[in-house]
Structure formats: structure tokens, C-alpha cells
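Letter by letter, the chains look like this.
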2 protein chains.
Amino acid sequence: MYNKGISKAVINRLPRYHRYLGILLDQGVIRISSAELSRQMNVTASQIRQDLNLFGGFGQQGYGYNVAYLYEEIGKILGLDKTYRLIMIGAGRLARAIGSYVGFQKRGFQVEAFFDRDPEKHLHRPDNDIMIYPLEEMETYLKNHQIDIAVIAIPADAARKIIPILDKGGVKGIWNFARTDLDVPDYMTVQSVHLSESLMQLSYKINH
Amino acid sequence: MYNKGISKAVINRLPRYHRYLGILLDQGVIRISSAELSRQMNVTASQIRQDLNLFGGFGQQGYGYNVAYLYEEIGKILGLDKTYRLIMIGAGRLARAIGSYVGFQKRGFQVEAFFDRDPEKHLHRPDNDIMIYPLEEMETYLKNHQIDIAVIAIPADAARKIIPILDKGGVKGIWNFARTDLDVPDYMTVQSVHLSESLMQLSYKINH
């Protein structure tokens, strides 16, 4: 509904608006001007007005923004008013950390199962009693469970190989932590967190 | 040396060039044309030439790029030819996962110590025998050890409070996993990995 003409840069900024508005909400702030929000977020006020106008404004001239309303509306744009079922592919340290991080956020992202190639790991269960299944069972699992998001935290080669299984299994989105780009069909979507690239950007900045 | 006029977008692309060149190197590829690199990376060939020209070119008309040389040179630009000493602030699941991830990468990023507020965690040691110290000891630790990078994986409020200690302790760069922006002096640098914002971007894309 909102996707026409919304640039990637704006979409990348929306979660940050949501975060700041959440903090204001926690602080009991009821209304905020674009000027004040601009000061806190270190973005120009005109940028804020321009971004929010793309979604119909939300602001009233001279009154500023209603914090709770804006927080909720941006949440809706981001799809945070819905519930998502996730599986974690990989059950190593990073996968478990991400899995408990997601659970901790309690934003409608629900981790349903872990899958891992390593049989030894299947003996353990993460604290929150989510089962770890062998990776070979994932295809059957996806036939019997509706899963929205797969979180990939396995090596690059293995990550690329499982895409067809996720596709067939009706997974809509991939949160990718593997050190690779992933080709997916048009009706699927990938969001990657490239940790080593982020660390390299930091070392670049330290040196220049 | 290279920082004049290099845009953030280019800097963000360099680690990806480095990753692809590393794969080609592993595959034994000696030379690659910008056209072929373009096809593999899904970037236009003119973009590649333009990006690499900023650093002096590296390519020879009609011969393509020498993979090993380009890999090494981009590595140098990214500061990967140097060694960095890191401390992990936080010793929770995410901090430990990131800590072992960094160690695993073996790219000259060396985790020296963990710091955590929670005394219970100090009883355990991560697998690789890196000590976990109480957070209060960090200031003294930084007086006695030269640390280049602090990895922050603690809650937002606590994260903001420790910046002055890191500053006084001579830390140059911060790899931030806390759910907050961090204000640092000009001579320090921050690279943030906002996991929950990344997940929100994914849920946005799934819905639009």
C-alpha cells in the first residue's frame, strides 16, 4: 500500500524513527515538534517532515507530532502489528544469540525451531526450550508449519544451497547472517547482516 | 591517505569487493575483467571501474584485474593489513557469539578481554579462555593495555555511559550492537549493527 515511490533510504530510516519514538513514549512525551525530533535524531527537520509526508504526514502544523500515534503508525508501516513465525537455520553461537535476541525483543517475531547439520548440537536445547532439528528434516517441517522468516546463520555454501527448500516451503523472508549474497525469487525478500563487512568498515574508518 | 572525496557508499562497497575477490582467489582465479566481476557481483561494470579508479585503478585496459593484487590492495585500504586489539563490553550471548565470530575470522582482530557488569558471568570463561572482568575494572584495564576497538553489546543506557571511559582509555573505534546511537568525539569512530532495525526492514519488505 505504501510502497510506491518509497526509496530504500527512507525505508532504512523508518526503524530509527520508530526507535526514537519508542524512547519518547517511554519517557511519557505526548507531542514532539519536527524541530525537537530533528535535534534528538541528528537529522534535519525538513528531512523528517519530508519522510513522514510520504506516509500521509501525521503532523499538524504548529502542534507537532502525536508520539504514540506516530509510533504506532510507523510500526504498522514496518509490519510490526503482525506476528511472524521464524526458524533459525544453524544452531551455533551466533544463531542461538540471534534467536534469543529476537525472542527478547518480543515484537511479534516468534522463533519456532532451530535446524542444524551437526547432530551433536541436537542433544542440547537452548534455554527457552525451542527444539533443534536435523537440517534434513527442514523440508518436511516446512510442509507442516507455516513459517514466514528463515534466519540463516550457517556457512556461505550451505546457505546458498538451502534457498530452494525455503522457497518450496513458503518462506517469505530471509534474515541472512551468512557471509554471502543470496539469490532468491522475486516474491521472496532477503535482508542481510554482513558482520565482517561492518567490521571492515570500522577498520577503514579508524585508518582514515 | 585515501579518504579525500571517497563517499560513504564506496566505502560500504569495498568490503563486498574484498569478499568476492577472496572467493575468486580461493577458486584459483588469477585475472578477472570488470565485466565478469560485474556479472558475479550484480553491479554495473562501470560502477566497478569507477569505484576502483578512486584508489588508483588497479586494472590494465584489456587485461582485467589481477585478483590477488586487487584483493591485497583493497585489504590495505580497509586496514586489514594491521592488527587490532579488541575488548568486548558485555559477556552475554550476543557478545560471546560476536567475540568468537571475530576470533574465527582471523583477520587481525584480536579479542583481549570481556567486561560485564553481572558478577555471575565472571565465574564462567568463554571457550577460548579469554577473561571476563567486572565492568568497573575496565578503566584501569585500559590504562594498562592499548586497545583499538571496543565492541559494545550491553543495553542502550549503559552503552552511552561508558563512552567517556573508552575515550579516556584511548579506544579509537567502537563496534556498536546496543540499540542506541552513540555520540563520540571526532577522533573516535562508531560503526553500528542495529539488529532490530534490520529485522524491521525485513518485515517492511515482506509486507510491501
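What you are looking at is a predicted structure, and each value in this text was computed from that prediction instead of being measured. (Residues numbered from 1 in each chain as written. Chains lettered and ligands numbered in written order. Predicted model: local features only at pLDDT ≥ 70, side-chain atom pairs only at ≥ 80, totals over all residues. Heavy atoms only, no water.)

Participant: It is not clear to me how the confidence of the model for chain A should be interpreted in this structure. Could you clarify?
Facilitator: Reading fine detail from the predicted coordinates is not recommended where pLDDT is low. On average, residues of chain A score 89 in pLDDT, and 88% of them reach the 70 mark or higher. In the predicted assembly, ipTM is 0.92 and pTM is 0.91. (pLDDT = per-residue confidence, 0-100.)

Participant: Would you mind showing me how to read the relation of the copies chain A and chain B here?
Facilitator: The pair of chain copies shares a relation made of a rotation about an axis and a shift along it. It takes a turn of 180° to lay chain A on chain B, together with a shift of 0.0 Å along the axis; the resulting RMSD is 0.0 Å. The symmetry that links the two subunits is that of a two-fold axis. Here 100% of the interface residues in chain A have copies in chain B that are interface residues too; the copies meet face to matching face. (Least-squares fit on C-alpha atoms with pLDDT ≥ 70 in both. Contact = heavy atoms within 4.5 Å.)

Participant: Sorry, what's going on with the packing of aromatic side chains here?
Facilitator: The geometry of an aromatic ring pair is captured by the separation of the ring centres together with the interplanar angle, meaning the angle of the planes. Overall, the coordinates contain ten aromatic pairs over all chains when judged by the stated rule. An angle of 45° between the planes, with centres 5.6 Å apart, marks the rings of Tyr133(B) and Tyr141(B) as tilted. A relative accessible area of 24% means that Tyr133(B) is categorised as partly exposed. Put simply, the rings of Phe115(A), Tyr133(A) and Tyr141(A) touch in pairs and so form one group of aromatic residues. (Phe/Tyr/Trp six-rings, centres within 6.5 Å; stacked < 30°, edge-to-face > 60°. Buried < 20%, exposed > 50% of the residue type's maximum accessible area, 1.4 Å probe, protein only.)

Participant: It is not clear to me how the sheet that holds strand β4 (residues 84-89) of chain A should be interpreted in this structure. Could you clarify?
Facilitator: Pairing between the strands of a sheet is mediated by backbone hydrogen bonds and can be parallel or antiparallel. All names here are of chain A. Taken in spatial order, the six strands make up an open sheet running β6-β5-β4-β7-β8-β9, and their pairing is parallel. Here the strands that pair on one side only, and so sit at the sheet edges, are β6 (132-134) and β9 (189-192). Direction aside, neighbouring strands of the sheet carry axes that sit 25° apart on average. Pairing of strand β7 (residues 149-152) with strand β8 (residues 173-176), which is carried by four bridges, proceeds in the parallel orientation. Of the residues in β8, the one forming a bridge with Ile152 is Asn176. Contacting β4, β7 and β8, helix α7 (residues 156-168) crosses the sheet at an angle of about 170° to β7. (Pairing = 2+ DSSP bridges. Helix = DSSP H or I, 4+ residues; strand = E, 2+ residues; numbered from the N terminus. Axes fitted to C-alpha atoms, helices over the stretch in contact; angles between N-to-C directions.)

Participant: Can you help me understand the pattern of salt bridges in this one?
Facilitator: It is possible for side chains bearing opposite charge to pair when their charged atoms get close. Using the criterion set out here, one finds 21 salt bridges over all chains in the structure. The residue Asp181(B) makes a salt bridge to Arg19(A) at a minimum N-O spacing of 3.1 Å. Here Asp181(B) is found in the loop between β8 (173-176) and β9 (189-192), whereas its partner Arg19(A) is found in helix α1 (residues 8-26) on a different chain. Accessibility expressed as a relative area gives 22% for Asp181(B), which makes it partly exposed. When its relative accessible area of 3% is taken as the criterion, Arg19(A) is described as buried. For Arg16(B), the salt bridge is made with Asp181(A), and the minimal N-O distance between the two is 2.7 Å. Of the two residues, Arg16(B) sits in helix α1 (residues 8-26) while Asp181(A) sits in the loop between β8 and β9, which places them in two different chains. Salt bridges here are not isolated pairs; linked through shared partners, they connect Arg16(A), Arg19(A), Asp181(B) and Glu197(B). (Salt bridge = Lys/Arg side-chain N within 4 Å of Asp/Glu carboxyl O.)

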